[in-house]
Amino acid sequence: MEKIIIQGGCRLRGEVNVSGAKNSALPIMAASLLTEDETVIEGVPDLRDVHTMIKLLRSLGAKALYQDGSVLIRAGKGLNPVAPYKLVSTMRASVCVLGPLLARTGRAEVSLPGGCVIGPRPIDLHLKGFKALGAEIDTVHGYVHAKAKKNLRGGNIYLGGSFGSSVLATGNVMMAAVLAQGRTTIESAASEPEVVDLARFLRKMGAKISGEGSHRIEIEGVKKLHGVKYRIIPDRIEAQTFMMAAAMTGGDVMIRNVEAQHHHVVMDKLLQAGVRISEKKNAMHVRRTGRLKSVDVTTLPYPGFPTDLQAQMMALMAITPGISVITEKIYPDRFMHVSELNRMGSKIFLEGPSAIIHGVKRLSGAPVMASDLRASAALVIAGLVADGETEVHRVYHLDRGYEKIEEKLTALGAKIQRAKE
Ligand code: EPZ
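Residues numbered from 1 in each chain as written. Predicted model: local features only at pLDDT ≥ 70, side-chain atom pairs only at ≥ 80, totals over all residues. Heavy atoms only, no water.

### Quick notes on the packing of helix α1 (residues 22-31) against helix α2 (residues 48-59)
Stage number 1. Taken N-terminus to C-terminus, the directions of α1 and α2 make an angle of 5°; their axes are 10 Å apart at the nearest point. Overall, the two elements α1 and α2 adopt an arrangement that is roughly parallel. Residue-level inspection shows Lys22, Leu26, Met29 and Ala30 of α1 in contact with α2, the latter providing Asp49, Val50, Met53, Ile54 and Leu57. (Axes fitted to C-alpha atoms, helices over the stretch in contact; angles between N-to-C directions. Helix = DSSP H or I, 4+ residues; strand = E, 2+ residues; numbered from the N terminus. Parallel < 35°, antiparallel > 145°, perpendicular 65-115°, else oblique. Contact = heavy atoms within 4.5 Å.)

### Structural notes on the sheet that holds strand β23 (residues 389-393)
Sheet strands pair via backbone hydrogen bonds, and the direction of the pair is either parallel or antiparallel.
Stage number 1. Taken in spatial order, the 4 strands make up an open sheet running β22-β23-β1-β24, and their pairing is mixed. The sheet is open, and its two edges are formed by β22 (367-369) and β24 (415-420), each paired on a single side. Adjacent strand axes in the sheet meet at a mean angle of 25° when their direction is disregarded.
Stage number 2. Taken together, the 3 bridges between β22 and β23 define a ladder with parallel strand orientation. Bridge pairing in β23 places valine 368 opposite valine 392.
Stage number 3. Of the strands in this sheet, β1 (2-7), β22, β23 and β24 touch helix α12 (residues 373-385), which is tilted by about 30° from β1. (Pairing = 2+ DSSP bridges.)

### What to know about the site of the ligand
Stage number 1. Around the ligand, the structure places 24 residues, and the nearest of them are Arg92, Asp124, Ser166, Asp308 and Ile330.
Stage number 2. One nitrogen or oxygen atom from the side chain of arginine 374 is found 2.9 Å from an oxygen atom belonging to the ligand.
Stage number 3. Of all the secondary-structure elements, those providing two or more residues to the shell around the ligand are α1, α5 (124-132), α6 (167-177) and α12.
Stage number 4. Here the shell around the ligand takes 3 residues from α5, the largest share from any one element.
Stage number 5. For the shell around the ligand, the class distribution of residues is 12 nonpolar, 5 polar and 7 charged. (Near = heavy atom within 4 Å. Polar contact = N/O pair within 3.5 Å; in protein donor to acceptor, adjacent residues only side chain to side chain. Nonpolar A, V, L, I, M, F, W, Y, C, P; charged D, E, K, R; others polar.)

### Structural notes on the sheet that holds strand β8 (residues 136-140)
Stage number 1. The strand order β6-β7-β9-β8 describes an open sheet built from 4 strands, whose pairing is mixed. The open sheet is flanked by β6 (82-83) and β8, the only strands paired with a single partner.
Stage number 2. Here strand β7 (residues 107-111) runs beside strand β9 (residues 143-147); their pairing, made up of 5 bridges, is antiparallel. Residue pairing across strands places serine 111 opposite tyrosine 143, the latter belonging to β9.

### A word on the side chain of threonine 52
Stage number 1. Within the fold, threonine 52 resides in helix α2.
Stage number 2. Residue class for threonine 52 comes out buried when judged on its relative accessible area of 11%.
Stage number 3. Leaving out residues up to four positions away in the same chain, threonine 52 has contacts with Leu87, Thr90 and Met91. (Buried < 20%, exposed > 50% of the residue type's maximum accessible area, 1.4 Å probe, protein only.)

### Describing the pairing of β9
Stage number 1. Side chains of β9 alternate between two faces, with Val144 and Ala146 buried and Tyr143, His145 and Lys147 left unburied.
Stage number 2. Of the strand pairs in this sheet, β8 and β9 are connected by 5 bridges, and their pairing is antiparallel. Counterpart to threonine 139 in the pairing with β9 is valine 144.
Stage number 3. Connecting β8 to the next strand, β9, in antiparallel fashion are 2 residues, including histidine 141 with a positive phi near 55°.

### Overview of the environment of serine 111
Stage number 1. Within the element layout of this structure, serine 111 appears in strand β7.
Stage number 2. Remark: the alpha-carbon pair of serine 111 and serine 89, spanning 22 residues in sequence, is separated by 7.5 Å.
Stage number 3. Dropping the residues within four chain positions of it, serine 111 is found in contact with Ala83, Pro84, Tyr85, Val88, Gly142 and Tyr143.

### A look at the domain arrangement of the chain
Stage number 1. For the chain, the assigned domains read domain 1 (2-19 + 234-420) and domain 2 (22-231).
Stage number 2. Measuring from the centre of the C-alpha atoms in domain 1 to the corresponding centre in domain 2 gives 30 Å.
Stage number 3. On the domain 2 side, the residues contacting the 23 residues of domain 1 number 22 residues.
Stage number 4. When the two sides are added together, the surface that domain 1 and domain 2 hide from each other amounts to roughly 1,800 Å², 54% of it contributed by carbon and sulfur.
Stage number 5. The largest contributions to the domain 1 side of the interface with domain 2 come from Tyr302, Tyr331 and Arg400, which together make up 32% of the buried area.
Stage number 6. Our count for the domain 1 to domain 2 interface comes out at 2 salt bridges. (Domains from an automatic or database assignment. Buried area = accessible area lost by both parts, 1.4 Å probe. Salt bridge = Lys/Arg side-chain N within 4 Å of Asp/Glu carboxyl O.)

### Re the pairing of strand β16 (residues 276-280)
Stage number 1. Relative to strand β17 (residues 283-287), β16 is paired through 5 bridges, and the arrangement is antiparallel. Among the inter-strand pairings, lysine 280 is bridged to a residue of β17, identified as alanine 283.
Stage number 2. Hairpin connection, β16 to β17: the antiparallel pair is bridged by 2 residues, and asparagine 282 has positive phi, about 55°.

### What about the packing of aromatic side chains?
Stage number 1. Taken as a whole, this structure holds 1 aromatic pair when the rule is applied.
Stage number 2. Ring centres of phenylalanine 201 and tyrosine 230 lie 5.5 Å apart, and the angle between their planes is 80°; this geometry places the pair in the edge-to-face category. Note that phenylalanine 201 is positioned in helix α7 (residues 193-204) and tyrosine 230 in strand β14 (residues 229-231), a separation of 29 residues in sequence. Taken individually, phenylalanine 201 and tyrosine 230 each receive the classification buried, so the pair is uniform in this respect. (Phe/Tyr/Trp six-rings, centres within 6.5 Å; stacked < 30°, edge-to-face > 60°.)

### Looking at unusual backbone geometry
Stage number 1. The step from tyrosine 302 to proline 303 runs through a cis peptide bond, and the omega angle for that step is 5°.
Stage number 2. Among the secondary structure elements, proline 303 is positioned in the loop between β18 (297-299) and α10 (310-318).
Stage number 3. For serine 188, which is not a glycine, the phi torsion comes out positive at approximately 55°.
Stage number 4. Within the element layout of this structure, serine 188 appears in the loop between β11 (183-187) and α7.

The structure is reproduced here in C-alpha cells:
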C-alpha cells in the first residue's frame, strides 16, 4: 500500500491540464461490447478503474488494451456474459456491462455491486429499465441473472428516484435499448455531461438517440452497431478539484482542457466565496487573493452542485471564517471525510444529511485515512494548507480517479510525494 506525504503552506501557481473523464470512459468502454468491431476510445486517463474495466471486458471475452491514453476494444462474436464478483465488487461501474451484454447476447450474469463507504449502491432502477425492455430478471446468490428470450423490445421507462435521476442506470438502459426492437423513451433520465458523452458515442456507432442532456431520451432500436474512434470529454470533477485547491491555497492557477458549461454551479459558489474565476478558451483561470466567505451548498443531480465535489468544498469551507452548511442529497452517508478533517483541526458537526462547518484559521497536518475517491482528494487539498506534514494513507482510493495527481500538484508548487506504507 502507498501513502502521500504533503508539506503544507504552499500557494499553487501555474498551469495544469485536466485528464479525460473517468465517469465517461467507464460506461463508454462497456458500450464497446455492443459491436463486434474494434472501437478506439481516446483521451482515457491512466486510472485504476480504467484497468479494472479492461480486466472485466477481457473476462467477458473481449480484446481490450490501454495504449498511450487510448483504449482499444474488440468485443468480437463469442461473448461470455458472466461478470465475476471479484471484479464487480471492486468497482460499481462494472454494472454497466449488464445492458450491453443483454443487448448483444440476450443474457447477462453480473454480481450485485454491493455498497461502498459512500452508501448503499442499489441497482433497482437499472433492473426496472431492463424489465421494461422485456428482460426477465432474477437476483440470486448475489448475482443478477438477466435474460431476454428473443430480442429486447422498446418500451417507456420512468427512471426517477427520490434523489432525482440515476446516472449509470440511464446509461445502462440506453445501452440495452439501442439494439432493442422498436422505440424506447426514458423519462426522468440523468442529464450529466457523461450521459451526453455516452449518447454521442452510441450515435457515432450508428444508434438512433435524441434528447440526451434533457430528462427525456428517445431511442429507436437498430439491428447492428459498428466500431468507431471517439475522444471522451474532460473530467469536470478533476477540474473542480483543482479549482478548490487553488482557492484553498490562495493560489493563481490556469486549469486547461475544461468545458465551461460543465462548471457554472461550482463557479457560482466559488465566486460567492470570494474566489476570482474567469473563463478562457477551454480553460478556467482561478485566483484567490482576499478572504474567503462562507457559502452553503446542497448537492443535487446535474446541473446542481455535484456530490463528487462535496468533500472538496467542505475542505475549503473548513478554513473559511464563519459558518457554512453542506447538505448531501445524493448519498446521505457521504461524510467519511468529516472525522479525518476534524483530526486536522477543522470544526465540523453532522446533523442528519447536513454538515455544519465552523471555519478555523489553520488546519494542522496529521496522518489521515482515505476512504473514498473524493474524500481522499479533499484530504490532499487540506494537506496543502495545513501546518506541517500530512500523510494520506490508502491512496489507492485516489488512484481510482485522479491521474498523476502528485505530479500535477508538484508542477503547481506543492510539496507532495508518494511513499510506501
Ligand atoms: C455515478 O454513480 C458516478 N459514478 C458517481 O461518481 C457519482 O457520485 C454519481 O453518479 C452521482 O452523480 C460513475 O459514473 C462511474 P447514481 P451512479 O445511480 O450512477 C441511487 C465518483 O466519485 N440509486 O446516479 O452509480 C443511489 O443510491 C463516483 O466518481 C438508486 O436508488 O450514481 C444514489 O443515492 C462516486 N437505485 C443516487 O441514486 C439505482 O438503481 C444516485 O446514484 C441507482 C441509483
